[in-house]
Amino acid sequence: MNIKLLEKLKEVFDPEELEKPSIGDLVIRRIDKSKLKDNGDGTYDYEGSLVFSDLSLASLLQIPYRFRVVKGDFDCTRNQLITLEGAPEKVGRDFYCHSNKLTTLEGAPREVGGGFYCYNNSLATLKGAPEYVGREFNCSYNKLTTLEGSPKYVGRDFCCSCNKLTTLEGSPKYVGRDFDCPRNHLTTLEGAPREVGGGFYCFNNFLISLKGAPKYVGESFICSDNKLTTLEGAPEY
């Protein structure tokens, strides 16, 4: 570029802004093209992990590839996302989308082999969540009033604490370890899983009975800081 022209531009524009890469450039830099596999239908598989955090993305459609399967982690945390449209169909390990502005999980992968972390968003429903999550599912610190749309299977912990739930209707059918639902507005445990492999934590709610609690809890059952007048309905084991 002509040096005199460059000097003139610097007088008008902030030099740092002139050199600042676009969001598109930053996205491309985080994709190792040697790990892309073209599926021949407009989608790609990726042999590894993809990290698109802290890019000010307004949409995952700003990523120039449509991913069918990502075999490692997929991380889109701390952006400006309100939807997951454009996410991979399947993620082999963990899917991170926390600390965005999500109001829906529509577009999320149908299957996640590791954990799914959507906490600290603005979700009022879990509609669109994966059906299968191999490890943890954490939807705490949202605006949930229902668990309808939850995964059917969660291999380890399910955490829905610090929401506005009044019931556990819609909970996963299977939770392999802990079920955490403290600091909600629960008045009933109806809808809770019948069996929890780890602990069940429902403290700091508005429960007056334990009706609807799991029949079997593998570890601790903590129901302190409620308004209980009876323990009827407590786990049998």
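Look up: the structure comes first, before these words.
Residues numbered from 1 in each chain as written. Predicted model: local features only at pLDDT ≥ 70, side-chain atom pairs only at ≥ 80, totals over all residues. Heavy atoms only, no water.

Q: Quick question: what am I supposed to make of a nonpolar patch on the surface here?
A: Together, Tyr-132, Tyr-153 and Tyr-174 make up a nonpolar patch on the protein surface, roughly 280 Å² of accessible area in all. Mapped onto the secondary structure, Tyr-153 falls in strand S12 (residues 153–154). (Patch = residues over 30% accessible without salt bridge, like charges linked within 9 Å, V, L, I, M, F, W, Y side chains within 5 Å. Areas by Shrake-Rupley, 256 points an atom, 1.4 Å probe, with all protein chains shown as cover. Salt bridge = Lys/Arg side-chain N within 4 Å of Asp/Glu carboxyl O. Helix = DSSP H or I, 4+ residues; strand = E, 2+ residues; numbered from the N terminus.)

Q: Looking at this model, I keep getting lost on the environment of Phe-95. Mind explaining?
A: Looking at the element boundaries, Phe-95 is found in strand S7 (residues 95–96). Taking the C-alpha atoms as reference points, Phe-95 and Thr-77, separated by 18 residues in sequence, lie 9.4 Å from one another.

Q: How do you make sense of the pattern of salt bridges when you look at a structure like this?
A: On inspection of all chains with the given rule, the structure shows eleven salt bridges. As a salt-bridge pair, Arg-68 and Asp-45 come within 3.6 Å of each other at their nearest N and O atoms. One end of the pair, Arg-68, is in strand S4 (residues 66–70); the other, Asp-45, is in strand S2 (residues 43–46), with 23 residues separating them in the sequence. A relative accessible area of 30% means that Arg-68 is categorised as partly exposed. (Buried < 20%, exposed > 50% of the residue type's maximum accessible area, 1.4 Å probe, protein only.)

Q: Honestly, unusual backbone geometry in this entry has me stumped. Any pointers?
A: The general pattern is negative phi for most residues beyond glycine and trans for most peptide bonds. Here the phi dihedral of Ser-99 falls at roughly 60 degrees; this positive angle occurs in a residue that is not glycine. Along the chain, Ser-99 turns up in the loop between S7 and strand S8 (111–112). Even without being glycine, Cys-162 reaches a positive phi, approximately 60 degrees. Along the chain, Cys-162 turns up in the loop between strand S13 (158–159) and strand S14 (174–175).

Q: Sorry if this is basic, but what is going on with the pairing of S2 here?
A: The side chains of a regular strand alternate between the sheet's two faces. Two strands pair when backbone bridges link them, and strand S1 (residues 36–38) and S2 are joined in this way by three bridges, in the antiparallel orientation. Among the inter-strand pairings, Asp-38 is bridged to a residue of S2, identified as Tyr-44. The turn joining S1 and S2, which pair antiparallel and follow one another in sequence, is formed by four residues; a positive phi near 80 degrees is taken by Gly-40. (Pairing = 2+ DSSP bridges.)

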